[in-house]
Number of protein chains: 2
Amino acid sequence: MKSDYPTPLATVDLVLLTLRDGVLSVALVRRDRPPFEGRLALPGGFVHVEEDEDLAATARRVLREKTGLVAPYLEQLYTFGGRNRDERGWSISVAYFALLPDIAPDPENGRAILEVDGLPHLPFDHSRIVEQAVARLRGKSSYSSLPVYLMPERFTLDDLQSVYERVLGQPLDRGSFRRQIDFQGFVEPVPGEFRRPEGGRGRPAQLYRLGAKRLKEFGRRMLA
Amino acid sequence: MKSDYPTPLATVDLVLLTLRDGVLSVALVRRDRPPFEGRLALPGGFVHVEEDEDLAATARRVLREKTGLVAPYLEQLYTFGGRNRDERGWSISVAYFALLPDIAPDPENGRAILEVDGLPHLPFDHSRIVEQAVARLRGKSSYSSLPVYLMPERFTLDDLQSVYERVLGQPLDRGSFRRQIDFQGFVEPVPGEFRRPEGGRGRPAQLYRLGAKRLKEFGRRMLA
DNA sequence: AAAATAGTGTCTGTCAGACAGTATGGA
DNA sequence: TCCATACTGTCTGACAGACACTATTTT
């Protein structure tokens, strides 16, 4: 039995954040149907009531269908709903945000990776959604290990610090950062694995990987 | 033009949290129609696409219609959506949570105020929604002025500390608490207004009210 | 040895927790 | 004066920021 009320459209939109050449960026796909056909926008899709068990399932399906990617971190961001955000009618978009290690643009399939700073205006209210996703990442990064999901398999502590600095937009003290990371223990050194500096000269750096704890909130704010 | 896909039901549910005799409690209303007719549940309602401008408008309308109350603080909590949460079909519930000063039960209109600890099982997935709202309040309270929205017009600093302690479920040091509150400055003393101790004996306490800043995040975690 | 990069040790200012002390009222 | 409650001052341990120092590699 359905309700007597006309129901809004129900969609899920994804904000896929990644680090492209060390710069925080978002994955966009070219729309293959109206409205805004041919424009770059967040990957999204309708909830399929026959197919999807719940909203998280919709998010995973959309991610798979639109990009073929799998995100190590996927979190519900916020729900945008109103009369004027989509010309097709009153619509609800449940936005999810995901973090991925560096992913390549794929022009064949209409996928572009754009820096989040200086992003052009996007269709619908997608600009606002991206803004909110970035704000959430920045906010959580100052007191959690979230940014590790932007790292590749193996990385050095200086790599990790650099990612934190990029995400937070401010320099961090080397000693304090390492003290904190060591104390929290969500990454672990890989025994015997090192990486030589690019110039050749200099002490090789210990390589790290994600530990068992993975996502962790720090007890206190980690920095300013 | 509508979508080709069948759309899920779209509802908004409200978690109204309040302090009843100093105990964190939630407002529930008796359902006046199936499913679960006659049972206590979160006040909620369908999105009315003709009437409501956006989701926040739906939330405010439902609050008004179901309780006649106005909430000084209303925030989107999380969106629950899936096939089995409502027997009427695939449904989406955008949950909002609100904070209110002490409100009275209203059996005439089917409204009850129940303590959040030891709550009986609620219809749909409402128990989970309440849980999440309480978790959000607890989480934010340790580093923000959120609990002030649970306070009446006038209150003492000891009242405020007591509310923080109730919400966080742990005692706080008097000196540290006052230092922090004073530094943050989201409440202000009301000149010349004091409240005498209940027993009659003892120094009267300065009365405070919300200041201009109201909602504020602290720089650091306020306590363990 | 020099240079370059990785990693550690230590000082210090800040601040929350603890708690003792002062202030102000009624009985 | 005593008691009860409200409020304040100060000591201290923990810790983040700063930064100098040691370590390890290639040239």
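Residues numbered from 1 in each chain as written. Chains lettered and ligands numbered in written order. Predicted model: local features only at pLDDT ≥ 70, side-chain atom pairs only at ≥ 80, totals over all residues. Heavy atoms only, no water.

### Here we look at the protein's contact with DNA strand D
Residues in close proximity to DNA strand D total 25 residues, the closest being S176 and R179 of chain A together with R174, R178 and Q206 of chain B. At 3.4 Å from a base oxygen of DNA strand D is found a main-chain nitrogen or oxygen belonging to R203 of chain B. Every element with two or more residues in the surface near DNA strand D is listed here: α4 (174-184) of chain A together with α4 (174-184) and β9 (205-210) of chain B. (Near = heavy atom within 4 Å. Polar contact = N/O pair within 3.5 Å; in protein donor to acceptor, adjacent residues only side chain to side chain. Helix = DSSP H or I, 4+ residues; strand = E, 2+ residues; numbered from the N terminus.)

### A word on the interface of chain A and chain B
Across the boundary between the two partners, chain A contributes 36 residues, which contact 35 residues of chain B. Buried area between chain A and chain B, both sides added, is near 3,400 Å², and the carbon and sulfur share of it is 54%. On the surface where chain A and chain B come into contact, there are two salt bridges. In this structure, R83 of chain A engages E53 of chain B in a salt bridge whose closest nitrogen and oxygen atoms are separated by 2.9 Å. (Contact = heavy atoms within 4.5 Å. Buried area = accessible area lost by both parts, 1.4 Å probe. Salt bridge = Lys/Arg side-chain N within 4 Å of Asp/Glu carboxyl O.)

### Description of the domain arrangement of chain A
Residue and element names in this part refer to chain A. Here the domain parsing of chain A yields domain 1 (9-137) and domain 2 (146-210). On a C-alpha basis, the centroid separation for the pair domain 1 and domain 2 is 29 Å. Taken residue by residue, the interface counts 14 residues in domain 1 and eight residues in domain 2. The junction of domain 1 with domain 2 conceals about 930 Å² of combined surface from both sides, 77% of it contributed by carbon and sulfur atoms. Interface area lost by domain 1 to domain 2 is led by L19, L99 and L137, which between them contribute 44%. Where domain 1 meets domain 2, there are one residue pair in polar contact (both at pLDDT 80 or more). Elements with a minimum of two residues in the side of domain 1 that touches domain 2: β1 (9-20), β2 (23-30) and β6 (91-100). Considering only residue class, the side of domain 1 that touches domain 2 consists of 11 nonpolar, two polar and one charged. (Domains from an automatic or database assignment. Nonpolar A, V, L, I, M, F, W, Y, C, P; charged D, E, K, R; others polar.)

### Some thoughts on the pattern of salt bridges
Residues and elements named next belong to chain B. Under the counting rule described, the total for this entry stands at 30 salt bridges over all chains. With a closest N to O distance of 3.3 Å, D32 and R33 form a salt bridge. When the shortest N-O distance is used, the salt bridge between R61 and E65 registers 3.2 Å. On the criterion of helical spacing, the pair formed by R61 and E65 is a turn pair, its members being four residues apart in helix α1 (residues 55-67).

### Examining the protein's contact with DNA strand C
Lining the immediate surroundings of DNA strand C are 25 residues, of which R174, R178 and Q206 of chain A together with S176 and R179 of chain B lie closest. Near the protein, within 4 Å, the atoms of DNA strand C are sugar or phosphate in 62% of cases. Here R174 of chain A contributes a side-chain N or O atom positioned 2.6 Å from a base nitrogen of DNA strand C. Here a base nitrogen of DNA strand C and a side-chain polar atom of R203 of chain B are 3.3 Å apart. Elements supplying a minimum of two residues to the surface near DNA strand C: α4 and β9 (205-210) of chain A together with α4 of chain B.

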